[in-house]
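# Inside the fold
If you want the building blocks of each chain, they are given just below.
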Amino acid sequence: AWKRMLLFPFLVAIRKKSKVPGVMITQFVEELPAGKSHPDFTRKPIALTIQEGKLAFFKAIITGDPIPTVKWTRNNGEISLTNYRVTCDPSSREHQLQIPNVAVEQADTYKCIAENEYGRAVVTATLNVIESEFQKVQSDFLCLCCHRTDRPRAERKDGDVDERFWELLLSADKKDYEHICAEYGVTDFRWMLKKLNEKKREIEEQQAQYVEYLGNLRHIEIKNNGCAQFEFEMDLKDPNAKIYLYKDGEMVPFSIDCDEKHSLRQIGRKFMFTVNGLSPDDAGLYQVDVEGVNVFSTDFKIPMVDFLVKIEEVKAVEREDAVFECVLSAPLPKISWMGKSVPLEQGEKYDITVSEDMLIHRLVVKDCMKVDNGIYAAVVGIKSCNAWLIVEADNDPKNHGKKAARKTTQAGGSGANVVKIAAEQQAKLQKAKEEKMEALKQQQAEKPEEAPATKVEPQAEKQVDQPFNQWVSITHPDPGVHFTGGLQDVRAIMGQSAEMVCKLSSADCDGVWYKDGKEITSTDDLKITKDGAIHKLMICNCKEEDNGKYRFEADGRKSEAILIVEDPPRMDPDDLAKFSEPVIIKVGQNASFKLSFVGQEPIKVQWYSEGEELLNDTNIKIEKSSSDSSLRLTKCQRKNTGEIKLKLKNEFGTIEAFSKLIVLDKPTNPLGPVEVIEASSSCVEFKWRPPKDDGGSPVSHYNLERQQLGRNTWKKIGNIPAEAHYKDTDVDHGRKYCYRIRAISAEGTSDVYETDDIQAGTKGPPSTPRVVSAFKDCINLTWTPPANTGGTNIVGYNVEKRKKGSSLWSQANPPEEPIKAKQYGVKDVVEGIEYEFRVSAINHSGAGEPSSPSEFVIARDPKMRPNFTDRKMKSFMVVRSGNSARVTINFEASPVPTIIWLKDGMPVPKRVTMSNTDGTSQLLIPSAERSDTGIYTIIVKNMVGQETFSTEIRVTDDPKPPGAVELEQNVPGTLTVSWMPSPDEKRDDRLHYMVAKCDSVKQTWHTVAHCVFNNNFTAVNIMPGREYNFRVYAKNDMGLSEPSESPTWGFTVNMPEPKTCNFDSAPTFTVPLKTHTSPEKYECYMSCAVKGNPIPHVTWYRNNISLNTNINYYITNTCGVCSLLILSVGPKDNGEYKVVAENSLGRTECSTQLAIRGMPYGYDILLCTNNSSLENSNSSLVFLFFSSRMKIFQDVL
């Protein structure tokens, strides 16, 4: 395309987007003629992967007018008619590239090019060829079998290779064949594949007897939770077929219980085997058999690696990086990192790195925040180590109240010298490797006949420790000198320097550099250097002829890369700085911009003004050349002011330059509407908005004129400072005035702005106030502002009231506090009296005329039907016998309603107390009994209507156990359990039974029946040869009873007698009371926790007076949590509160103080009289507590 453009310079190259992804279109003309089009693909050739020897073909459908010519090419090689066939169907415009009998060397990237006179379309497709298995394996393992021709081939038998070798291959992927063959020393791969195919046919025939489908084989691997797992999908012909698990040929028992050592879990057709509690002994070959036929084999290897240096705790400051690092005893390319039990991956938050010797592993937690606090762990096989990351707040006062900047420092890392430790360990490993290699060589030299070419003896293999298996493989040749870092493609800017770098495995080897196949040496522009194993080629002052392919060769190895020298548009910095200076002109003048540049042609030049592209026009002239471009704007107007941008673009890049054009003009007229600050009888003060555009020069003055309404002349006020504000004191009360305002700058005077009429000193009344709502102590009013404000702002309102039959108006709001809103609640009213109201507006000149009076309204509450205000009201509650029961109902009603409580439709007993307050009613049963069970109904009734609510209170206690339990077997495999009913069954209709079973094998109790409402139950799955015991529990809303146990059924087995445990204990407080301070009329909630067996009885005291029967306190005891609630705290509640818990084994108590805020300052008097303790004494104690000094006076009488 570029050659075409060089030959025809009038052509252009415009990139177009195709509807088909991946198609690159270049258009040669700026505008297409009518009815013509550039080439495009409606169907592109797709990537193809095909077996060697098959027919491969690429298909494409191409459009374009005129009909384009189509050409097929490939990246590496030519397309000859002997090996390829190109076809075309003119009717369908379908083009094909056919490759009969495709070969491996024909795998490549193919390109289809369609071109006509208006453009060009290009698309690529990749051909991948799969080698036949014999050739593929032979070529993949050529390096392993290079010594095979030196020894005579021995006749192989099935027993020559470990049977585990075949079992692993049968379940392995083809990509793992090399690793397995290297491990077992097999080098004759053609023979191996032949045998493997035979064994596959045999095993598939055997599996077909029991298995319908077998697939998705996933080999064993260690999971994050510390277990190992492998899985596969399988459909069995017989669901009852037996499945066996073997490890190293020995059967391993497993269960469906996931907590066992070996477990099997089946979900649909998926089978998952799990090995828990991993240890080194768990390594080995695992096999799964179905009815004796092997279906899956997997080899579990645990790396024999330990931590020489473990990760340590890291303390980091916010926005700092935290580093964890460890050193392994053997090299590993990757380990697992965990953060707060979640696997961590390389990304923006975490940076995971490994040293070159693969011994040092690091985890960097970037930009630490408080949420990163937690435990982090490094996991290698079954070994792991963990440490805390503690992120501390940044106490830098500079960052207070704002987000701190990201810190560049790092915290943490091991305290040890990990590099030194890793180097020492590497030396040990290298020495051990050499010793093992030497020992193997000696062993082979002594007994060459015992080392057949197809395998390594297992005894010799076992002598090599597992960490060195990667080294001790007699089939791997010495790689010699090789590249540890190859050349990379480089892009350079013309005139700048470019560098190519590669690294060898040895520092003692030299090499040669080539460019496009020709050897190169050091010159002024080419500098060849060597630093140890690193070889560098520096190309200075890159030129176009430096483009090409560079190669470095050393010891028969080579590495290649391409240097691409780019020539994007560039500008001289001095010219660019001069261009960036703003151009300032006046309206009607011309502006010019010009800038020089360099770069490879063609360069596309575009000029922009405020982001909009400029094209040649009457007042716009753009000139272009190969080295510069200019822009000339004639007869500029103020609207041309803005940013000027020059954009240059070629195939290598884009560059932009910016300048600014400022066109000066007179300011625009000032803006309204005016805001009247004051319009009193003595002055008119107002302000306006400055001009929207000052014309490029600041406003220096404003010129004002005034006209009185009714006159034809304008009075000149003159120039005032550049503040958009004026106060006119020469006004007459009630007159209206109009003003003309002009803005003045260095560039001229603006057009005039004329204000609306402003009246001095008068304002109208607000609207008649409207009564929104009326209560006995408050009447709410609202109104609208006056239509005539006198040309000034309203600063407030006054509200006045008058009783019916009176001629005196009184102000409802304080005189010094005008009402800001247009609504007000008048609270100074007497219940039952009728009132009327009026409102007047206030501005800076004073209060205006009052509005007309409102309608008369009576101060009284509105009538309201009773309504319950609680969103969630309990309709059922269970109370333990002996505890207090309390039901609180909140409501609203007007007038005050009558409240009635009923139990089962009858009046409540006298022992039940009720208390009513404003909006609340409470029912209290101090010590509930079973007879108190029932449905309690509250009726709230007034003259408007009534409302009812019912709640069921069930008083019960722990159930008594059932009677004797008997067992009877009527049907084999089942047992009928029957028992006598619990004594509570008749008194508690919600009582039911629960049955538990224990057999002599599992020896654990588990529940077999819930919610049994009769007195018998049939247990199934009763196994012969086992002993069974049953327990029956009674259960109600309180809990479970003691069990009633059945006699033993079945054979007599000497079971160990269970050890009895005594859980009895004296009461103790696990959570004591806390000191409380509460404001008056607020709720106060106290709580503590007590434990003991038998369950202790809890009593609350205030100043040594029991509160358990006091209806003013709500006391509960739930599962040992004792609480006391005071609904409305008052001065009488001040004092000491004590909780006493006692049972048959002891007594304990806990106390606290309650202080009331809001009591008179200076003293609190607490009189404590204990009649029981002072019965036989003539003394009493009076304590006077002074808040200031807290002194205590005692007077003994």
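These figures come from a predicted structure and were not determined experimentally.

### Re the overall build of the chain
Looking only at helices and strands, one finds 8 helices and 89 strands in the chain. Looking at the chain as a whole, 38% of its 1197 residues are labelled buried. Counted over contacts in the chain with a minimum sequence separation of 6, partners at least 24 positions apart contribute 62%.

### Things to note about helix α5 (residues 189-207)
The terminal C-alpha atoms of α5, which comprises 19 residues, lie 26 Å apart, in line with the 27 Å expected from a rise of 1.5 Å per residue. Within α5 the residues assigned to the buried category are Phe189, Trp191, Met192, Leu193, Lys195, Leu196, Lys199, Ile203 and Gln207.

### Some remarks on the sheet that holds strand β23 (residues 342-343)
Reading across the sheet, the 5 strands line up as β20-β27-β26-β22-β23 and stay open at both edges, with mixed pairing between neighbours. Whereas interior strands pair on both sides, the edge strands pair on one side only; in this sheet they are β20 (314-317) and β23. Sheet topology note: the β20/strand β27 (residues 383-392) ladder contains 4 bridges and is parallel. Across the sheet, the residue bridging to Val317 is Glu392, located in β27.

### Overview of the UniProt feature "coiled-coil region" (unreviewed entry) in the chain
Look at the UniProt record and you will see "coiled-coil region" (unreviewed entry) annotated at residues 186-216. In the segment residues 186-216, helix accounts for 61% and strand for 19%; the C-alpha atoms at its two ends are 27 Å apart.

### Details of the nonpolar core
Residues Phe324, Trp337, Leu363, Val365, Tyr376 and Leu389 are the most contacted members of the largest nonpolar core, which totals 26 residues. Secondary-structure elements contributing two or more residues to this core are β20, β21 (321-328), β25 (360-365), β26 (374-380) and β27. The residues contacting Phe324, other than those within four sequence positions of it, are Ile311, Glu312, Val314, Trp337, His361, Arg362, Leu363, Val365, Tyr376, Ala387, Trp388 and Leu389. One finds Ala241, Leu245, Val288 and Val295 within the second-largest nonpolar core, a separate group that totals 23 residues.

### Observations regarding the packing of aromatic side chains
Applying the stated criterion across every chain yields a total of 24 aromatic pairs. Taking the centre distance of 5.5 Å and the plane angle of 40 degrees together, the rings of Phe232 and Phe296 count as tilted. Of this pair, Phe232 sits in strand β12 (residues 228-236) while Phe296 sits in strand β18 (residues 293-300), placing them 64 residues apart in sequence. A relative accessible area of 1% places Phe232 in the buried class. On the accessibility criterion, Phe296 (0% relative accessible area) is buried. Ring centres of Phe324 and Tyr376 lie 5.4 Å apart, and the angle between their planes is 25 degrees; this geometry places the pair in the stacked category. Taken together, the residues Phe324 in strand β21 and Tyr376 in strand β26 connect sequence positions 52 residues apart. The exposure class of Phe324 is buried, given its relative accessible area of 1%. Linked through ring pairs, Phe230, Phe232, Phe254, Phe271, Phe273, Tyr286, Phe296 and Phe300 together constitute an aromatic cluster. Between the NZ or CZ atom of Arg838 and the centre of the ring of Trp809, over which it lies, the distance is 4.4 Å. Sitting above the plane of the Tyr1101 ring, Lys1138 keeps its charged end 5.9 Å from the centroid.

### A word on the pairing of strand β15 (residues 262-267)
Here β15 pairs with strand β16 (residues 270-275) via 6 bridges, running antiparallel. Looking across to β16, one finds that Ser263 is bridged to Thr274. Hairpin connection from β15 to β16: 2 residues lie between these consecutive antiparallel strands, with Gly268 at a positive phi of about 65 degrees.

### So, the sheet that holds strand β72 (residues 965-968)
Pairing is antiparallel in the open sheet, where 3 strands are placed in the order β72-β73-β76. The sheet is open, and its two borders are formed by β72 and β76 (1016-1019), each paired with just one other strand. Taken pair by pair, the neighbouring strands of this sheet meet at an average axis angle of 20 degrees, ignoring direction. Bridge analysis of β72 against strand β73 (residues 975-979) gives 4 bridges, and the strand direction is antiparallel. Note that in β73 the partner of Val965 across the bridge is Trp979.

### Focus on the environment of Lys340
Secondary-structure assignment places Lys340 in the loop between β22 (336-339) and β23. The class for Lys340 is partly exposed, based on a relative accessible area of 41%. On a C-alpha basis, the gap between Lys340 and Gly374 in space is 5.8 Å, while along the polypeptide they are 34 residues apart. The contact partners of Lys340, leaving out residues within four places of it in the chain, are Val371, Asp372, Asn373, Gly374 and Ile375. Of the polar contacts made by the side chain of Lys340, one reaches the backbone oxygen of Val371; its length is 2.5 Å.

### Regarding a positive patch on the surface
A cluster of basic side chains, namely Arg15, Lys604, Lys624 and Lys649, defines a positive patch on the protein surface. With respect to the helices and strands, the residue Lys604 is situated in strand β40 (residues 604-609).

### Observations concerning the pairing of strand β75 (residues 1006-1012)
Pairing geometry for strand β74 (residues 992-999) and β75, over 4 bridges, is antiparallel. For Lys997, the partnering residue across the bridge sits in β75 and is His1006. From the end of β74 to the start of β75, which pair antiparallel, there are 6 residues, and Gln1003 there has a positive phi angle of about 55 degrees.

### Here we look at the environment of Arg557
As for its position among the elements, Arg557 is in strand β37 (residues 557-566). Classification of Arg557 by relative accessible area gives partly exposed; the value is 33%. Note: C-alpha distance between Arg557 and Val481 (76 residues apart in sequence) is 7.8 Å.

### A short note on unusual backbone geometry
Only a minority of non-glycine residues have a phi that is not negative, and only a minority of peptide bonds are not trans. Of note, the bond from Glu601 into Pro602 is cis; its omega dihedral lies within 30 degrees of zero at -5 degrees. Mapped onto the secondary structure, Pro602 falls in the loop between β39 (591-596) and β40. A cis amide bond, omega 0 degrees, links Ser894 with the succeeding residue Pro895. With respect to the helices and strands, the residue Pro895 is situated in the loop between β65 (885-894) and β66 (898-903). Unusually for a residue other than glycine, Asp904 sits at a positive phi of about 55 degrees. Not every positive phi belongs to a glycine, and Gln1003 is a case in point at roughly 55 degrees. For Gln1003, a relative accessible area of 43% translates into the label partly exposed.

### Thoughts on the pattern of salt bridges
Side chains that differ in sign of charge can pair as their charged atoms come close. If you walk through the whole model with that rule in mind, you get 46 salt bridges. When the shortest N-O distance is used, the salt bridge between Glu656 and Lys645 registers 3.7 Å. Taken together, the positions of Glu656 in strand β45 (residues 653-664) and Lys645 in strand β44 (residues 642-650) put the pair 11 residues apart, joining distant regions of the chain. Taken together, the shared-partner salt bridges connect Glu952, Arg954, Asp988, Asp989, Arg990 and Asp1037 into one network.

### Comments concerning the confidence of the model for the chain
On average, residues of the chain score 82 in pLDDT, and 86% of them are at 70 or above. Note on residues 5-10: pLDDT under 50 across the span, and 4 contacts to partners over four residues away in sequence or across chains.

### Quick word on the side chain of Thr298
For Thr298, the position within the fold is in strand β18. Residue classification places Thr298 among the buried residues on the basis of a relative accessible area of 1%. At 3.2 Å, the side chain of Thr298 and the side chain of His219 are in polar contact.

Cut-offs and rules
Residues numbered from 1 in each chain as written. Predicted model: local features only at pLDDT ≥ 70, side-chain atom pairs only at ≥ 80, totals over all residues. Heavy atoms only, no water. Helix = DSSP H or I, 4+ residues; strand = E, 2+ residues; numbered from the N terminus. Buried < 20%, exposed > 50% of the residue type's maximum accessible area, 1.4 Å probe, protein only. Contact = heavy atoms within 4.5 Å. Expected span 1.5 Å × (residues − 1). Pairing = 2+ DSSP bridges. UniProt positions renumbered as here; feature names shortened; annotations may be inferred. Core = buried A, V, L, I, M, F, W, Y, C linked by side-chain atoms within 4.5 Å. Phe/Tyr/Trp six-rings, centres within 6.5 Å; stacked < 30°, edge-to-face > 60°. Lys NZ or Arg CZ within 6 Å of the ring centre and 35° of its normal. Axes fitted to C-alpha atoms, helices over the stretch in contact; angles between N-to-C directions. Polar contact = N/O pair within 3.5 Å; in protein donor to acceptor, adjacent residues only side chain to side chain. Patch = residues over 30% accessible without salt bridge, like charges linked within 9 Å, V, L, I, M, F, W, Y side chains within 5 Å. Areas by Shrake-Rupley, 256 points an atom, 1.4 Å probe, with all protein chains shown as cover. Salt bridge = Lys/Arg side-chain N within 4 Å of Asp/Glu carboxyl O. Lys, Arg positive; Asp, Glu negative; His and termini not counted. Charge placed at Lys NZ, Arg CZ, Asp CG, Glu CD. pLDDT = per-residue confidence, 0-100.

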